[in-house]
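# Observations on chain architecture
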Amino acid sequence: MANLDPVAAAAAFKERVVGPYRGVLPQTAIASMEEQLWGACTVEVAAFNEFTAFLADAERTAEFDHVIFDTAPTGHTLRLLTLPSAWSGYVQEHPAGASCLGPLAGLDQRREQYAAAVATLADPMLTTLVLVARPEESALREAARTSGELAALGVTNQRLVLNGLLADHADDPAAIAFADRQATALATAPPALSTLPTAAVALIAGDLTGPAALRQLAAPVSDEPAGMPPGDLDLPGLDELVDELDAAGNGVVMTMGKGGVGKTTLAAALALALADRGHDVTLSTTDPAAHLTPR
């Protein structure tokens, strides 16, 4: 398990760029370089650099059957995945310039590494992209937008997981209203989502803390699973997605979605379920929140 800390990666990235010039260039020039390398752009690039370096390290990835990445929220991750194509135009227009990436003279090598990583993610034989969404209108709209933008990048091997579905609301008025809102959101979900293989995960009363609770998420469902979605939908559980990944033998799995929908929880559950089936699995995150722990 590895937390790819974007802030620490950005600090190391900036020092790799600026360090060789300390004591060589005037301090004003050093200060100007440090200013160029300050900001969200540098943090995003540094995080993606760590991510692509991991994918490019054949010896490291060869140790595992599955590499699972718990990503940062959608917008952050989509910006990173579009970097290779964005760089092409920028470098052509500013061949002698600089950006928040540092001097452009040394950019091509990293651009090739990034493009290779995106190509790996676009290979359906190697990568499964799991879109995680709550059964809420805003989360479903963002999942549909994300699906379309990923497809435009060539990442088409997508799955949708609906997290936190409430079915057994008994006679509680608050629970009934909550379930009705979920049913309405699902009934009016963007049409683009209807083409994606979809699994459902039940809303659970307790905290999902520790391996035992996470394993329960991916356990085979009973004949009448508590986590079936409201209304007439009849969706498989997370265990069927685990079956698919298990049968594939090896590859990369990325979880993406709106902040707070449960990407980290689902990524950890998938990692534990695959490990329980005998696979060697590594789990890492590029989310600045870094909620993964080695427990």
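Residues numbered from 1 in each chain as written. Predicted model: local features only at pLDDT ≥ 70, side-chain atom pairs only at ≥ 80, totals over all residues. Heavy atoms only, no water.

### Concerning the environment of Leu140
Relative to the helices and strands, Leu140 resides in helix α8 (residues 137-152). Residues Leu140 and Ala185, spaced 45 residues apart in sequence, show a C-alpha to C-alpha distance of 7.9 Å. Setting aside chain neighbours within four positions, we find Leu140 in contact with Ala133, Arg134, Pro135, Leu162, Ala185, Leu186, Ala189, Pro190 and Leu193. (Helix = DSSP H or I, 4+ residues; strand = E, 2+ residues; numbered from the N terminus. Contact = heavy atoms within 4.5 Å.)

### Some thoughts on the nonpolar core
One finds Ile68, Phe69, Leu121, Leu160, Leu238 and Leu270 to be the most contacted residues of the largest nonpolar core, which totals 56 residues. Among the elements that line this core, the one with the most residues is helix α12 (residues 263-276), at nine residues. Other than its neighbours up to four places away in sequence, Leu160 contacts Leu131, Ala133, Ala143, Leu193, Leu196, Pro197, Thr198 and Ala199. Grouped together as the second largest cluster of nonpolar side chains are nine residues, Phe13, Ile30, Met33 and Leu37 included. (Core = buried A, V, L, I, M, F, W, Y, C linked by side-chain atoms within 4.5 Å. Buried < 20%, exposed > 50% of the residue type's maximum accessible area, 1.4 Å probe, protein only.)

### Looking at the pattern of salt bridges
Under the counting rule described, the total for this entry stands at seven salt bridges. A salt bridge links Arg22 to Glu15, with the shortest nitrogen-to-oxygen separation between them at 3.1 Å. Residue Arg22 is classed as partly exposed on the basis of its relative accessible area of 38%. Because the salt bridges share partners, they merge into one network encompassing Glu15, Arg22 and Glu34. (Salt bridge = Lys/Arg side-chain N within 4 Å of Asp/Glu carboxyl O.)

### Concerning the pairing of strand β9 (residues 281-285)
With four of five residues buried, β9 lies mostly within the body of the structure. Sheet analysis places strand β2 (residues 66-70) next to β9, joined by five bridges and oriented parallel. In the strand pairing of β9, Phe69 is matched with Ser284. (Pairing = 2+ DSSP bridges.)

### Concerning the environment of Glu149
As for its position among the elements, Glu149 is in helix α8. Spatially, the C-alpha atoms of Glu149 and Leu81 are 9.9 Å apart, while their sequence positions differ by 68 residues.

### A closer look at helix α11 (residues 238-248)
Considered for burial, the residues of α11 that qualify are Leu238, Asp239, Leu241, Val242 and Leu245. Buried residues of α11, seen end-on, are gathered within an arc of 155° and therefore sit on one face of the element. Immediately beyond the C-terminal end of α11, within one or two residues, lies Gly249, with a positive phi of roughly 90°. (Arc of directions from axis to C-beta.)

### Let's talk about a negative patch on the surface
On the surface, a cluster of negative charge is made up of Asp57, Glu59, Glu63 and Asp280. As for its placement among the helices and strands, Glu59 is situated in helix α4 (residues 58-61). (Patch = residues over 30% accessible without salt bridge, like charges linked within 9 Å, V, L, I, M, F, W, Y side chains within 5 Å. Areas by Shrake-Rupley, 256 points an atom, 1.4 Å probe, with all protein chains shown as cover. Lys, Arg positive; Asp, Glu negative; His and termini not counted. Charge placed at Lys NZ, Arg CZ, Asp CG, Glu CD.)

### Some thoughts on the confidence of the model for the protein chain
Chain-level statistics for the protein chain give a pLDDT mean of 76 and a share of 73% at 70 or above. Overall, residues 94-106 carries pLDDT values under 50, and its contacts beyond four positions in sequence, including any with other chains, amount to 26 contacts. Note that residues 221-231 has pLDDT below 50 and, in this model, 21 contacts with residues that lie over four places away or in other chains. (pLDDT = per-residue confidence, 0-100.)

### Digging into a nonpolar patch on the surface
Together, Tyr21, Val24 and Leu25 line one region of the surface with nonpolar side chains, adding up to about 270 Å² of accessible area. Relative to the elements of secondary structure, Val24 occurs in the loop between α1 (6-18) and α2 (27-36).

### Concerning the packing of α11 against α12
At a minimum axis separation of 10 Å, α11 and α12 run at an interaxial angle of 55°. Judged by the inter-axis angle, α11 sits oblique to α12. Judged by the sense of rotation from one axis to the other, the crossing of α11 with α12 is right-handed. Between α11, through Leu238, Leu241, Val242, Leu245 and Asp246, and α12, the contact on the second element is made entirely by Leu266, Ala269, Leu270, Ala273 and Leu274. Across the contact of α11 with α12, the residue classes break down as nine nonpolar, no polar and one charged. (Axes fitted to C-alpha atoms, helices over the stretch in contact; angles between N-to-C directions. Parallel < 35°, antiparallel > 145°, perpendicular 65-115°, else oblique. Left-handed = near helix turned anticlockwise from the far one by under 90°. Nonpolar A, V, L, I, M, F, W, Y, C, P; charged D, E, K, R; others polar.)

### Digging into helix α9 (residues 173-187)
Between the first and last C-alpha of α9 there are 21 Å, a value that for 15 residues agrees with the 21 Å anticipated at 1.5 Å per step. Capping the start of α9 is the job of one residue whose side-chain oxygen sits 3.2 Å from the backbone nitrogen of Ala174: Asp172. (Expected span 1.5 Å × (residues − 1). Polar contact = N/O pair within 3.5 Å; in protein donor to acceptor, adjacent residues only side chain to side chain.)

### Observations concerning the pairing of strand β6 (residues 158-165)
Counting buried residues in β6 gives eight out of eight residues, a clear majority hidden from the surface. In the sheet, strand β5 (residues 127-133) pairs with β6 via five bridges, with the strands oriented parallel. Note that in β6 the partner of Val132 across the bridge is Val161. Considered for its hand, the β-α-β crossover made up of β5, α8 and β6 is right-handed. In the sheet, β6 pairs with strand β7 (residues 198-202) via five bridges, with the strands oriented parallel. Bridge assignment links Leu160 to a residue of β7, and that residue is Thr198. Following the chain from β6 across α9 to the adjacent parallel β7, one finds a crossover that is right-handed. (Right-handed = clockwise from strand over helix to strand, strands pointing away.)

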